[in-house]
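Given next are the chains, with one letter for each unit.
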Amino acid sequence: MIRFRLYFDKDAETKWLNEMAEQGWAMKSFFAGFYSFERYEPGQYMYQVDFGNRFFSVNEGDIY
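Below is a summary of the structure that appears in this document. (Residues numbered from 1 in each chain as written. Predicted model: local features only at pLDDT ≥ 70, side-chain atom pairs only at ≥ 80, totals over all residues. Heavy atoms only, no water.)

**Observations concerning helix α1 (residues 10-22)**
Convention followed: Numbering of helices and strands starts at the N terminus; helices are DSSP runs of H or I of at least 4 residues and strands are runs of E of at least 2. Expected span of a helix, by definition, is 1.5 Å for each gap between consecutive residues, and there is one gap fewer than residues. Residue contacts are counted whenever heavy atoms from the two residues lie within 4.5 Å of one another.
Here α1 spans 18 Å end to end across 13 residues, near enough to the 18 Å set by a 1.5 Å rise per residue. Close packing links the buried residues of α1 with β1 (2-4), β2 (25-31) and β3 (34-39).

Here it is in structure tokens:
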């Protein structure tokens, strides 16, 4: 599933991503407002938005 959203508030984005995870949708990729999700067990992931060196992309190195 692909969704388009633009957020200027990282807390609102974090809340939305965690709501998606609770419904069983884990983010697979992100680029310029396009979020790609895959079906997983609800609540399997928890997200925290952090701005790093690569704006508009996902840092896969910090998966806990």
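**Things to note about the sheet that holds β3**
As a reminder, the rule being used: When DSSP finds at least two bridges between two strands, those strands are taken to pair. Note on definitions: angles span 0 to 180 degrees between N-to-C directions of axes, and those axes are lines fitted to C-alpha atoms, for helices only across the stretch in contact.
With respect to topology, three strands assemble into an open sheet ordered β1-β3-β2, the strand pairing being antiparallel. Taken across any chain shown, the strands that pair with only one partner, and hence form the sheet edges, are β1 and β2. Averaged over all pairs of adjacent strands, the angle between strand axes in this sheet comes to 30°, irrespective of strand direction. Where β2 and β3 come together, six bridges link them in antiparallel fashion. Paired with Met27 across the two strands is Phe37, which belongs to β3. α1 contacts β1, β2 and β3 of the sheet and is inclined by roughly 25° relative to β3.

**Details of the side chain of Asn18**
Selection rule: Think of it in three bands: residues with accessible area under 20% of the maximum for their type are buried, residues over 50% are exposed, and the middle band is partly exposed, with areas taken using a 1.4 Å probe on protein chains only. Residues adjacent in sequence count toward polar contacts only when both atoms are side-chain atoms; beyond that, a polar contact is any pair of N or O atoms within 3.5 Å, and within protein one must be able to donate a hydrogen and the other to accept it.
Along the chain, Asn18 falls in helix α1. Taking relative accessible area as the criterion, Asn18 reaches 17% and is therefore assigned buried. Among the polar contacts listed, one links the side chain of Asn18 to the backbone nitrogen of Tyr47, at a separation of 2.7 Å.

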